[in-house]
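The primary structure of each chain is shown beneath.
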Amino acid sequence: MKNEVAVLYTTWPDAESAASAGRVLVAERLCACVNILGPMRSIYRWEDAVEESVEVPALFKTTADGATALKNRILALHPYDTACVLMLPVSPTASSEAFTAWVTDNVTSLSK
């Protein structure tokens, strides 16, 4: 898994909570960058009812080796009791070498 990238997809109640967590996680070198996307409409089942809300998705880019630590830290910072955090591995051939090197250089791996 060395020199491989992973993307973690998350949803947040608003852009500021996503940005606040993103700043912490980049500063802690658990991810190289965070893309905070525009608001989206979510329709979901919660406590036996169909609910609807506006949420903000975010994509966290990290190393494959650091993905679990990042996931755990996102969960610790997240305001939801049941947060959506999906780890999406990226095929080694699906990322440019330069981007993979940049991510690797900007994430502190537990194995370093």
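Computed from a predicted model, the values in this text were never measured in an experiment.

Examining the overall build of the chain
Argument step 1. Looking only at helices and strands, one finds 3 helices and 5 strands in the chain.
Argument step 2. Each helix (α) and strand (β) of the chain, taken in turn from the N terminus, gives the series β-α-β-β-β-α-β-α.
Argument step 3. Relative to its length of 112 residues, the chain is compact, with a C-alpha radius of gyration of 15 Å against a globular reference of 13 Å.
Argument step 4. Principal-axis analysis of the C-alpha atoms places the extent of the chain at approximately 45 × 25 × 25 Å.
Argument step 5. Here the chain, with 112 residues, has 36% of them falling under the buried criterion.
Argument step 6. Taking contacts inside the chain between residues at least 6 apart in sequence as the whole, the part at least 24 apart equals 72%.
Argument step 7. On the chain, roughly 6,600 Å² of surface is accessible, and the fraction owed to carbon and sulfur atoms is 56%.
Argument step 8. Taken as two groups, the 9 positive and 13 negative side-chain charges of the chain have centres that lie 7 Å from each other.

Concerning the packing of aromatic side chains
Argument step 1. One pass over the full model with this rule turns up 2 aromatic pairs.
Argument step 2. Consider the rings of Phe99 and Trp102, whose centres lie 5.7 Å apart with planes at 35 degrees: the pair is tilted. Here Phe99 pairs with Trp102, and both are found in helix α3 (residues 97–106), just 3 residues apart, close to one helical turn.
Argument step 3. Using a relative accessible area of 29% as the deciding quantity, one classes Phe99 as partly exposed.
Argument step 4. Classification of Trp102 as partly exposed rests on a relative accessible area of 37%.

Criteria and thresholds
Residues numbered from 1 in each chain as written. Predicted model: local features only at pLDDT ≥ 70, side-chain atom pairs only at ≥ 80, totals over all residues. Heavy atoms only, no water. Helix = DSSP H or I, 4+ residues; strand = E, 2+ residues; numbered from the N terminus. Rg over C-alpha atoms; globule rule 2.2 N^0.38 Å. Buried < 20%, exposed > 50% of the residue type's maximum accessible area, 1.4 Å probe, protein only. Contact = heavy atoms within 4.5 Å. Areas by Shrake-Rupley, 256 points an atom, 1.4 Å probe, with all protein chains shown as cover. Lys, Arg positive; Asp, Glu negative; His and termini not counted. Charge placed at Lys NZ, Arg CZ, Asp CG, Glu CD. Phe/Tyr/Trp six-rings, centres within 6.5 Å; stacked < 30°, edge-to-face > 60°.

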